[in-house]
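Understanding the architecture of this molecule
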Amino acid sequence: IPVDNLYAEPAVLKWIKENIENWRECVIVSPDAGGAKRVVSIADRLNVNFALIHKERAVANEVQRMTLVGDVQHRTAIIVDDLADTCGTVVKAAEKLKEAGAKKVYAVMTHGVFSGPALQKVNGQSY
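First, a word on scope: everything that follows refers to the structure included in this document.

Reading the values: the criteria
Residues numbered from 1 in each chain as written. Predicted model: local features only at pLDDT ≥ 70, side-chain atom pairs only at ≥ 80, totals over all residues. Heavy atoms only, no water. Core = buried A, V, L, I, M, F, W, Y, C linked by side-chain atoms within 4.5 Å. Buried < 20%, exposed > 50% of the residue type's maximum accessible area, 1.4 Å probe, protein only. Helix = DSSP H or I, 4+ residues; strand = E, 2+ residues; numbered from the N terminus. Contact = heavy atoms within 4.5 Å. Salt bridge = Lys/Arg side-chain N within 4 Å of Asp/Glu carboxyl O.

Counting residues in hydrophobic clusters, the biggest one holds 19 residues, and the most contacted among them are Val29, Ile53, Val72, Ala77, Ile79, Leu97 and Val105. Broken down by secondary-structure element, the contributors of at least two residues to this core are strand 1 (26-30), strand 2 (49-59), strand 3 (62-69), strand 4 (76-84) and helix 3 (88-99). The leading source of residues in this core is helix 3, at five residues. The residues contacting Ile53, other than those within four sequence positions of it, are Val29, Ser30, Pro31, Asp32, Ala33, Met66, Thr67, Leu68, Ala93 and Leu97. Counting residues in each nonpolar core, the second largest holds 15 residues, with Trp23, Cys26, Val48 and Val80 among its members.

Applying the stated criterion across every chain yields a total of five salt bridges. The salt bridge involving Arg38 is made with Asp81; its shortest N-O contact spans 3.5 Å. Within this pair, whereas Arg38 is found in helix 2 (residues 36-46), its partner Asp81 is found in strand 4, the two being separated by 43 residues in sequence. Its salt-bridge partner being Asp82, residue Arg38 comes within 4.0 Å of it at the nearest N-O pair. Of this pair, Arg38 sits in helix 2 while Asp82 sits in strand 4; the two residues are 44 residues apart in sequence, bridging distant segments of the chain. A residue is classified by how much of its surface remains accessible, and Asp82, at 35% relative accessible area, is partly exposed.

Given below as C-alpha coordinates:
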(Lines give C-alpha, C1' and ligand atoms only; values in the text may rest on other atoms or scores of the structure.)
Protein backbone atom coordinates (compact mmCIF):
# COMPACT_ATOMS: atom_id res chain seq x y z
CA ILE A 1 0.00 0.00 0.00
CA PRO A 2 1.56 3.32 -1.02
CA VAL A 3 1.81 5.88 1.77
CA ASP A 4 3.09 9.40 2.25
CA ASN A 5 5.09 10.31 5.34
CA LEU A 6 3.59 13.59 6.51
CA TYR A 7 6.18 15.87 8.10
CA ALA A 8 4.55 17.90 10.88
CA GLU A 9 7.48 20.03 12.10
CA PRO A 10 6.49 23.19 10.16
CA ALA A 11 2.96 23.04 11.59
CA VAL A 12 4.29 22.43 15.12
CA LEU A 13 6.68 25.39 14.85
CA LYS A 14 3.91 27.64 13.58
CA TRP A 15 1.54 26.57 16.38
CA ILE A 16 4.16 27.20 19.07
CA LYS A 17 4.99 30.66 17.73
CA GLU A 18 1.34 31.65 17.41
CA ASN A 19 -0.03 30.17 20.63
CA ILE A 20 2.61 30.15 23.35
CA GLU A 21 3.43 33.45 24.97
CA ASN A 22 7.17 33.92 25.56
CA TRP A 23 7.99 30.86 23.46
CA ARG A 24 11.54 32.20 23.05
CA GLU A 25 12.14 31.32 26.71
CA CYS A 26 10.71 27.80 26.56
CA VAL A 27 12.27 24.34 26.68
CA ILE A 28 11.20 21.72 24.13
CA VAL A 29 10.85 18.32 25.85
CA SER A 30 10.78 14.77 24.53
CA PRO A 31 8.79 12.44 26.78
CA ASP A 32 11.02 9.54 25.74
CA ALA A 33 14.36 8.76 24.10
CA GLY A 34 12.67 7.90 20.80
CA GLY A 35 11.61 11.52 20.28
CA ALA A 36 15.02 13.07 20.98
CA LYS A 37 15.86 13.75 17.35
CA ARG A 38 12.48 15.41 16.81
CA VAL A 39 12.76 17.80 19.79
CA VAL A 40 16.39 18.69 19.02
CA SER A 41 15.34 19.70 15.52
CA ILE A 42 12.43 21.81 16.80
CA ALA A 43 14.55 23.40 19.55
CA ASP A 44 17.26 24.24 17.01
CA ARG A 45 14.74 25.85 14.66
CA LEU A 46 13.34 27.92 17.55
CA ASN A 47 16.81 28.62 18.98
CA VAL A 48 15.78 27.36 22.45
CA ASN A 49 16.95 24.61 24.82
CA PHE A 50 15.67 21.06 24.89
CA ALA A 51 15.26 18.37 27.54
CA LEU A 52 14.59 14.65 27.55
CA ILE A 53 12.67 12.35 29.85
CA HIS A 54 14.10 8.87 30.21
CA LYS A 55 11.45 6.25 30.93
CA GLU A 56 12.09 2.95 32.66
CA ARG A 57 9.46 0.24 32.36
CA ALA A 58 9.06 -2.92 34.41
CA VAL A 59 6.39 -4.25 32.04
CA ALA A 60 4.98 -3.08 28.70
CA ASN A 61 2.76 0.04 28.85
CA GLU A 62 3.61 0.70 32.50
CA VAL A 63 6.20 3.36 33.29
CA GLN A 64 8.06 2.55 36.49
CA ARG A 65 10.29 5.63 36.71
CA MET A 66 10.96 8.83 34.77
CA THR A 67 14.20 10.81 34.89
CA LEU A 68 14.44 14.35 33.51
CA VAL A 69 17.63 15.23 31.66
CA GLY A 70 17.81 19.01 31.24
CA ASP A 71 16.71 22.16 33.05
CA VAL A 72 13.12 23.41 32.95
CA GLN A 73 13.10 25.46 36.16
CA HIS A 74 11.19 28.77 35.82
CA ARG A 75 10.50 28.09 32.13
CA THR A 76 7.61 26.99 30.00
CA ALA A 77 8.05 23.35 28.99
CA ILE A 78 6.59 22.16 25.69
CA ILE A 79 6.29 18.39 25.38
CA VAL A 80 6.39 17.32 21.72
CA ASP A 81 5.47 13.76 20.79
CA ASP A 82 4.12 11.91 17.80
CA LEU A 83 1.31 9.89 19.38
CA ALA A 84 -1.21 10.41 22.18
CA ASP A 85 -2.94 7.09 22.88
CA THR A 86 -3.73 6.55 26.56
CA CYS A 87 -1.96 9.82 27.50
CA GLY A 88 -0.31 8.16 30.50
CA THR A 89 3.17 9.15 29.35
CA VAL A 90 2.29 12.79 28.66
CA VAL A 91 0.50 13.21 32.00
CA LYS A 92 3.40 11.63 33.94
CA ALA A 93 5.89 13.69 31.95
CA ALA A 94 3.97 16.90 32.73
CA GLU A 95 3.95 15.98 36.43
CA LYS A 96 7.72 15.40 36.32
CA LEU A 97 8.26 18.78 34.62
CA LYS A 98 6.14 20.61 37.22
CA GLU A 99 8.09 18.86 40.02
CA ALA A 100 11.29 20.09 38.35
CA GLY A 101 10.08 23.69 38.47
CA ALA A 102 8.50 24.31 35.06
CA LYS A 103 6.17 27.29 35.39
CA LYS A 104 3.81 26.00 32.69
CA VAL A 105 3.55 22.83 30.60
CA TYR A 106 2.09 22.41 27.12
CA ALA A 107 1.85 19.21 25.08
CA VAL A 108 1.85 19.11 21.28
CA MET A 109 0.98 15.76 19.67
CA THR A 110 0.58 15.03 15.98
CA HIS A 111 -1.56 11.86 16.18
CA GLY A 112 -4.34 11.91 18.75
CA VAL A 113 -5.76 8.41 19.31
CA PHE A 114 -7.12 9.12 22.84
CA SER A 115 -8.01 5.58 23.91
CA GLY A 116 -10.22 4.92 26.92
CA PRO A 117 -10.04 7.64 29.59
CA ALA A 118 -7.21 9.52 27.85
CA LEU A 119 -9.08 12.81 27.48
CA GLN A 120 -10.26 12.68 31.09
CA LYS A 121 -6.62 12.20 32.19
CA VAL A 122 -5.48 15.23 30.20
CA ASN A 123 -8.46 17.44 31.05
CA GLY A 124 -8.08 16.61 34.73
CA GLN A 125 -4.66 18.29 34.90
CA SER A 126 -3.88 21.91 35.72
CA TYR A 127 -0.65 22.52 33.80
